[in-house]
Protein chains: 2
Amino acid sequence: MTLTPELVERFVAIVGDRHALRDPNDIEPYLIEPREKFGGRTSLVLRPAEVEEVSAILKLATQTGTAIVPQGGNTGLVGGQMPDESGQQVILSLSRLNRIRSIDPAGNLAIVEAGVVLKTLQEAAEKEGRLFPLSLGSEGSCQIGGNLSSNAGGTAVLAYGNTRELCLGVEVVLPTGEVLNDLRYVKKDNTGYDLKDLFVGAEGTLGVITAAVMKLFPLPKGKGVAYAGLASPEDALKLLGLAQSHAGPSLTGFELMPRIGVEFSVAHTDGVRDPLQERHNWYVLIDISSSRSAEDARETIEAILTEAFEAGLVEDATIAESTAQEQSFWHMREAMSHAQRPEGGSIKHDISVPVARIPEFIAEADAAVLDLIPGARIVSFGHMGDGNLHYNISQPVGADKEAFLARWVEVNKRVHDIVRSYKGSISAEHGIGQLKRKELSETKSPVALDLMRRIKTSFDPAGIMNPGKVI
Amino acid sequence: MTLTPELVERFVAIVGDRHALRDPNDIEPYLIEPREKFGGRTSLVLRPAEVEEVSAILKLATQTGTAIVPQGGNTGLVGGQMPDESGQQVILSLSRLNRIRSIDPAGNLAIVEAGVVLKTLQEAAEKEGRLFPLSLGSEGSCQIGGNLSSNAGGTAVLAYGNTRELCLGVEVVLPTGEVLNDLRYVKKDNTGYDLKDLFVGAEGTLGVITAAVMKLFPLPKGKGVAYAGLASPEDALKLLGLAQSHAGPSLTGFELMPRIGVEFSVAHTDGVRDPLQERHNWYVLIDISSSRSAEDARETIEAILTEAFEAGLVEDATIAESTAQEQSFWHMREAMSHAQRPEGGSIKHDISVPVARIPEFIAEADAAVLDLIPGARIVSFGHMGDGNLHYNISQPVGADKEAFLARWVEVNKRVHDIVRSYKGSISAEHGIGQLKRKELSETKSPVALDLMRRIKTSFDPAGIMNPGKVI
């Protein structure tokens, strides 16, 4: 259906003129995503502040066959939040639906609306003596609704799980405008099909999550963060085993970084410096949260490193002596993706393989990539404890950026074929969006794709919800 | 469709004569469930040993409109595994599909078929130095497929989650006979809709789970189990907070028991005795698993009890001095349900409410039940750490059993109304089955029920999968 001026007026009437953006200058920020990889046009951005407004928008959209593209903090990396080039798709921004409806520290729960910025929830929880453990690079602008719709991962999955595991229940506006109240407050509830987990990770293709019940946790009583230099991913895997054995469920993060990534971070990021004197081929960041005390966290991390030194697993290591230093170690890791930019084009992957096979995967994928593109600079870093690597490839020094990036699909295919042979995932935490939609059909079985289509058709018969994404 | 002799022969031909039971004597054990609450008839039990056989059975069932009732260890408490009285429904037993396809201790994974008995998997994991943490009273006979289909809870949910959280991926035979291979080996995988979690907890109404990838964990290096006498559920709640504060993620179990339950267990169970000298109104069992050492577990549990004594939260307590004693403490708790039998009729509930509201719930529900049935003996015990109580009610001494049990629905309604007012669940871990099917419509919103029906219709258009259950 064409987005006629009359139809636009009907949508505008729902949220009011002030909250319906039509000026291209106002709309522009909604059309620029982090990697500037996905274009897209629209003539209308709707900014409802109430669930009832979202409901009225979707009802009208279904009646008129208007495509709706939900958008949170616009930090997604796979184009899931972007409209297509037709200009006929309407962006539904959840930013104004941003109340923390309640926080219950005794019950370890927070009821939050979709537009609440992740950092805002973290801070609100901390004020109540509680931890909301989801943490990722974009936490200052990404929103809970987007975190849920993409089942975001981040840096504390090892101990706390993905966003899915942090959510007990959801409130969803269905494409018809009906509101599903599946806000659950208990972790044990076996009453019928698990609707919540269908909407979590569906990237806005089945409905619009408007609120959720999120789990909170006691604040750790102590933190310990260590930064170690190692010879190889094999040693990093052994170190992981050792860390798990000592820290058990207190191991919150275990991040792997290659030398080249550290060099990029240091060279291109203000305030990032290498805490170790010598060069090492690989680095690991270990993050421990103790439920007991600061001393306990310290002792645990020292015990891990002592045994690692004795076993010859680490070449050098240092433990953060202050919160500022802990943050500086993490800054090194978090700067790594952006620090690739000044080095030219980067072909990205967000893969996972069984944790124990990470070293094998790196060796096989590196060889395959260098066979395709000699001189490619492989920056494979990430959440090793979860088997999840951002296996990114910076262009060879002096290569032509466009020519290099033109090989994106070809390189992806080669790397993802290896991932598939390891029974891994071609999208560990970023989702499918537009970026990997075509590839999904090569990864999923026809039976799985068919079931997904049946769900999509039965939930959204008019096909208005984020068309062109996922399925 | 009528189960004609010709049709029976076609089903028999799939699994072979030996594995198709038609003699009523052979069939009888499949028709007697633990509470003997649900009757049901059938003239055919099929016992396939291969996924291909399950596939052929469901394909034929869809073609002929034959109802299929999947059955695992036949330990379910809500009649989900029972056929109806028509004699036209075929039982599909998964017992012979019982291979452990592989165990990967390094990767902390086990690939198991549906018919593997829970205890068998626990033991196989332990042989490899790993823990499979799912644990429940019926673990010697219940099967993984049933655990998944009912999203079983049990005694270690506090630390490890429900069966859903222990499962990474599933293999499912769809009603059409198609096989969905959604066996995933990684915990981070954001590629499309979460199909796995639709089948988990669906109680066999959407397809038949034939195999699954289950998570394993390092074996704890030390255990600590304490048994404490307390004055009230309020004190138990404070003790829980204290235990969580000291033990953090090492707190594996926190079970509440009332005096009357302890008396029943002691009176009616061989080998169960009260470890404490004096009488107490309430009891708590605390289970700690340390990833560090036996001493650490011991120290943690001592620290909890010391602080609890100082705060006046516990009246008396004892710590198990041996594995045998740990088991004996647990035996007290696990015997509690069966120990109600010699006391006459019992009206059961399997509810959850937000943990912090357990004391309030007990007070309100007790008053309501005693108002309905003066003299009723309330045995409210269970997984307090998860907010999950088996809120059971034994008949008044000397009352007529049938007359008491005739009030089952009335009492349920009163208790469940309170549960709903607390935003809790009327089936925390046992599922809906036949028992709570009617009540589901009073608990779920019409929108949720409609979505469930849409899923059911789109996955099982012929309506052959476990009809009369859940939805």
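The numbering scheme is per chain: residues are counted from 1 as the chain's sequence reads. To label them, take the chains in the order written and letter them from A, then take the ligands in the order written and number them from 1. pLDDT decides what is reported in this predicted model: residues at 70 or higher carry local features, side-chain atom pairs at 80 or more are listed and counted, and totals for whole chains, interfaces and linings draw on all residues regardless. To obtain the side-chain values, all non-hydrogen atoms of the structure were used and water was disregarded.

Visitor: Hey, could you run me through the overall build of chain A in this one?
Guide: Helical segments are the DSSP runs of H or I of at least four residues, strand segments are the runs of E of at least two, and each set is numbered from the N terminus. Along its length, chain A carries 17 helices and 19 strands. It is over C-alpha atoms that the radius of gyration is taken, and the globule rule equals 2.2 Å times the number of residues to the power 0.38. For 471 residues, the compact-globule formula gives about 23 Å, and the C-alpha radius of gyration of chain A, at 23 Å, lands near that figure. Over its C-alpha atoms, taken along the principal directions, chain A stretches across nearly 70 × 55 × 45 Å. Here the term buried applies to any residue with accessible area under 20% of the maximum for its type, exposed to any over 50%, and partly exposed to those in between, with areas from a 1.4 Å probe on protein chains only. Taken over 471 residues, chain A has a buried fraction of 62%. Whether two residues touch is decided by their heavy atoms; if any such pair falls within 4.5 Å, the residues are in contact. Relative to all contacts within chain A whose residues are 6 or more apart in sequence, the contacts with residues 24 or more apart total 73%. For the accessible areas, the method is Shrake-Rupley and the probe is 1.4 Å, while residue cover comes only from the protein chains on display. Counting every atom, chain A has about 16,800 Å² of accessible surface; 50% of that belongs to carbon and sulfur. His is not counted, nor are the chain ends; Lys and Arg add positive charge and Asp and Glu add negative charge. To locate a charge, the coordinates of NZ of Lys, CZ of Arg, CG of Asp or CD of Glu are taken. When the 47 basic and 62 acidic side-chain charges of chain A are each reduced to a single mean position, those positions are 5 Å apart.

Visitor: So what exactly am I meant to see when it comes to the sheet that holds strand 10 (residues 208–215) of chain A here?
Guide: Each strand in a sheet pairs with another by means of backbone hydrogen bonds, the pair being arranged parallel or else antiparallel. All names here are of chain A. Ordered in space as 5-6-10-8-9, the five strands form an open sheet in which the pairing is antiparallel. This sheet does not close on itself; its edge strands, each paired only once, are strand 5 (100–104) and strand 9 (179–182). Averaged over all adjacent pairs, the angle separating strand axes in this sheet is 15°, with direction ignored. Inspection of the sheet shows strand 5 paired to strand 6 (residues 109–113) by four bridges, in the antiparallel sense. Across the sheet, I103 pairs through a bridge with A110, a residue of strand 6. Along the sheet face, helix 3 (residues 51–64) touches strand 5, strand 8 (167–173), strand 9 and strand 10 and points at about 55° away from the line of strand 8. Any two strands are treated as partners once DSSP identifies two or more bridges connecting them. Note on method: axes are straight lines fitted to C-alpha atoms, helices fitted across the in-contact stretch only, with angles between N-to-C directions ranging 0 to 180 degrees.

Visitor: How should the nonpolar core be read in this particular structure?
Guide: Buried together is how nonpolar side chains tend to be arranged in soluble globular proteins. Definition used in this section: a nonpolar core is a set of buried Ala, Val, Leu, Ile, Met, Phe, Trp, Tyr and Cys residues joined via side-chain atoms within 4.5 Å. By size, the foremost hydrophobic cluster in this structure holds 87 residues, and its most contacted members are F132 and F199 of chain A together with F132 and F199 of chain B. Not counting the four nearest positions on each side in its chain, F132 of chain B is found in contact with L118, L121, Q122, A125, I144, L166, M214, K215 and L216 of chain B.

Visitor: Which parts of the structure should I look at to understand the interface of chain A and chain B?
Guide: When the parts come together, some accessible area is lost, and that loss is often what is quoted as the size of the interface. Listed per partner, the contact involves 77 residues of chain A and 76 residues of chain B. Once two parts are put together, the accessible area they lose, assessed with a 1.4 Å probe and summed over both, is termed the buried area. Summed over both partners, the interface of chain A with chain B buries about 6,000 Å², with 55% contributed by carbon and sulfur atoms. For chain A, the biggest contributors to the area lost against chain B are K188, N190 and Y193 of chain A; these three give 17% of the whole. Salt bridge, as used here: a side-chain nitrogen of Lys or Arg that lies within 4 Å of a carboxyl oxygen of Asp or Glu. On inspection of chain A and its partner chain B, the count reaches twelve salt bridges. For the salt bridge of E178 of chain A with R454 of chain B, the shortest nitrogen-to-oxygen distance reads 3.7 Å. The element best represented in the side of chain A that touches chain B is helix 17 (residues 446–459) of chain A, accounting for nine residues. Throughout, the ten residues Ala, Val, Leu, Ile, Met, Phe, Trp, Tyr, Cys and Pro are labelled nonpolar, Asp, Glu, Lys and Arg are labelled charged, and all others, Gly among them, are labelled polar. Along the lines of polarity and charge, the residues of the side of chain A that touches chain B split into 31 nonpolar, 27 polar and 19 charged.

Visitor: Whenever I open this one, the UniProt feature "domain: FAD-binding PCMH-type" (unreviewed entry) in chain A confuses me. Can you help?
Guide: UniProt positions are given in the numbering used here, feature names are shortened, and annotations may be inferred rather than shown by experiment. Residues given the UniProt feature "domain: FAD-binding PCMH-type" (unreviewed entry) here are residues 38–219 of chain A. For residues 38–219 of chain A, the helix share is 23%, the strand share is 24%, and the end-to-end C-alpha distance is 39 Å.

Visitor: Is there a simple way to think about the state of the cysteines in this case?
Guide: By definition, a disulfide is the covalent link that joins the sulfur atoms of two cysteine residues. Note on terminology: disulfide denotes any pair of cysteine sulfur atoms within 2.5 Å. Counted by the stated rule, this structure contains zero disulfides over all chains. For C167 of chain B, which is in no disulfide, the shortest distance to another cysteine sulfur is to C142 of chain B and amounts to 15 Å.

Visitor: Any chance you could explain the side chain of T252 of chain A here in plain terms?
Guide: Residues and elements named next belong to chain A. Of note, T252 is situated in strand 13 (residues 251–258). Side-chain atoms alone can form a polar contact between residues adjacent in sequence; in general such a contact is a pair of N or O atoms within 3.5 Å, and within protein one must be able to donate a hydrogen while the other accepts it. Side chain to side chain, T252 and S289 meet in a polar contact 2.7 Å long. Discounting residues that sit within four places of it in the chain, T252 has contacts with T155, A156, L158, A159, Y160, D287, I288 and S289.

Visitor: I'm lost on the sheet that holds strand 4 (residues 90–93) of chain A in this one. Help?
Guide: Residue and element names in this part refer to chain A. A sheet is described by the order of its strands in space; here four strands give the open sequence 1-2-4-3, paired in mixed fashion. Among the strands making up the open sheet, the edge pair consists of strand 1 (20–21) and strand 3 (68–71). Bridge count for strand 2 (residues 45–46) against strand 4 is two bridges, and the pairing is parallel. By the bridge assignment, V45 is partnered in strand 4 with I91.

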